[in-house]
Amino acid sequence: MRFVTVTASLVVAALLAAPFGAARAQEAAAPQIPLDPQIVAAIANVSPARLRATDEKLVSFGTRSTFSEKAGPNRGIFAARDWLAGEFRKIAATSGGRMTVTYDSYVQEERARIPRPVEISSVIATLEGDEPVKKDGKRRVIVISSHLDSRNSDNDDGTADAPGADDNASAVSQALEAARVLAPLHLHATIVFAAFDSEEQGLLGSGHFAKKLKDAGVPVEANLNSDIIGSSTAHDGSKHPYEVRLFSEAYPADLDLRPATANAAFDGNAALRKLNTLGTENDSPSRELARFAKETGEAYVPAMKIAMVYRMDRFLRGGDQTSFAEQGFPAVRFVEPGENFDHQHQNVRTEKGIEYGDLVKYMDFDYLARVTQINVANVAALAAAPARPANVKVLAKDLGYDATLTWTASPNAVSYEIVRRRSQDQSWTAATNVGNATTGTVPFSKDDYLFAVRAIDAQGHRSVATFPEVQRT
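What this report covers is the structure whose coordinates are included nearby.

Analysis parameters
Residues numbered from 1 in each chain as written. Predicted model: local features only at pLDDT ≥ 70, side-chain atom pairs only at ≥ 80, totals over all residues. Heavy atoms only, no water. Salt bridge = Lys/Arg side-chain N within 4 Å of Asp/Glu carboxyl O. Buried < 20%, exposed > 50% of the residue type's maximum accessible area, 1.4 Å probe, protein only. Helix = DSSP H or I, 4+ residues; strand = E, 2+ residues; numbered from the N terminus.

**Examining the pattern of salt bridges**
Item 1. The tally for this structure, following the rule as stated, stands at 27 salt bridges.
Item 2. In this structure, D82 engages R81 in a salt bridge whose closest nitrogen and oxygen atoms are separated by 2.9 Å.
Item 3. When its relative accessible area of 37% is taken as the criterion, D82 is described as partly exposed.
Item 4. As a salt-bridge pair, E288 and R291 come within 3.3 Å of each other at their nearest N and O atoms. You can see E288 and its partner R291 sitting in helix α9 (residues 285–300), three residues apart, about one turn around the helix. The two residues E288 and R291 agree in class, both being buried.
Item 5. When salt bridges that share partners are traced, they join D227, R245, D313, R314, R333 and E339 into one network.

Set out below in structure tokens:
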């Protein structure tokens, strides 16, 4: 398969593909990624008109409140759920039998923000990859998620209108469109397209599903969650049609801070020293996923700029990516750059000349299409690439002026890159291809630079980078 380069500089691209012997020449260039023609074609098929049609249809159900589950065949969350599942099933017919559509349902008893028992039911469409399953019968999974439910000013109100055009029919429309353009592709990893119920009541639908994946031992390599991605106009009237924010957490929920010896008591100060020694506060798996998403998204959709925000989410707000992060899965969230709170969680009304409500009229479907293209590119690139390298270590047994890293080989990888950056840099700024090896040395001090390793397949797909642990012996 022939790839096209990200930039016009074929010289830079050639240097990045050079063998380890050319390492010193390579280091002057920032990493480049090739563009996969089938992914380029898929993002070109993203349609603003289809996104609008889906968004308007979801709004037409009046409300998608979790508590509107018994509103009838044409109104409420279950009516919207059934219509959406039907649309996914139409897409499944184009997948050659590789896509299935199910509901992930359970009854949630009374608790905070749940005043009565209610059935929570999410729509899950799964497109199987062609990567050989592991010995445990599992295949890598990429989840692109959204939430189907909406709300108005009263969190418990399942009767009054809650159109939810932007929060979050925008991202549900994206998930459906992503499934439509990706279903014909044959990719290695399995892709899950999810529209979760009851996000507004505390991430209940995603929490149930993410825990089920964790309990089943499913290797979720990435969760790309989108929530409120349909408007390019901020609260102050300013326009941001070519920007999107990307949130990611610093420390994963499964971070191991136990002492080195099994019987030693936990020492909080020692754990803090370990973190400070490693310098991992900006290199969690979710943060590496964010770097991958920024690099890939901006390469395939160069008109867009992705602003990485070093937080799990906005203050006083949250999203379904948190459910995946809490299970130890790498997870990020896309959200528009300038939210207008008058158009979120509001009863539809006009007061003192201000119109409140989450209405279609405030959407920008060309903008939503560009954000959808970013996510399609990322999901496809993740699913096409090898798994990220495991057991990555930076050797620190002796003092030295260079850095040596080791790792475990990834299936389908034909070479590996050691990427590096200064600690103040946001993204990886250089890469050294060390060939088909499980160890590599670069002539840069491990004291001055941060390093990671990513796998590359024969077509040039690159995995998410894996940040190393320190090996002292």
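**Here we look at unusual backbone geometry**
Item 1. Between D167 and the following residue, N168, the backbone shows a cis peptide bond with an omega angle of 10°.
Item 2. Summarising the element assignment, N168 is placed in the loop between β5 (141–147) and α6 (169–182).
Item 3. A positive phi angle, near 60°, is found at L203, a position not held by glycine.
Item 4. Exposure remark for L203: the relative accessible area of 17% places this residue in the buried category.
Item 5. Within the chain, K352 stands out as a residue other than glycine whose phi angle is a positive 50°.
Item 6. Here K352 lies in the loop between β11 (349–351) and β12 (354–356).
Item 7. Take K352: its relative accessible area is 87%, and that puts it in the exposed class.

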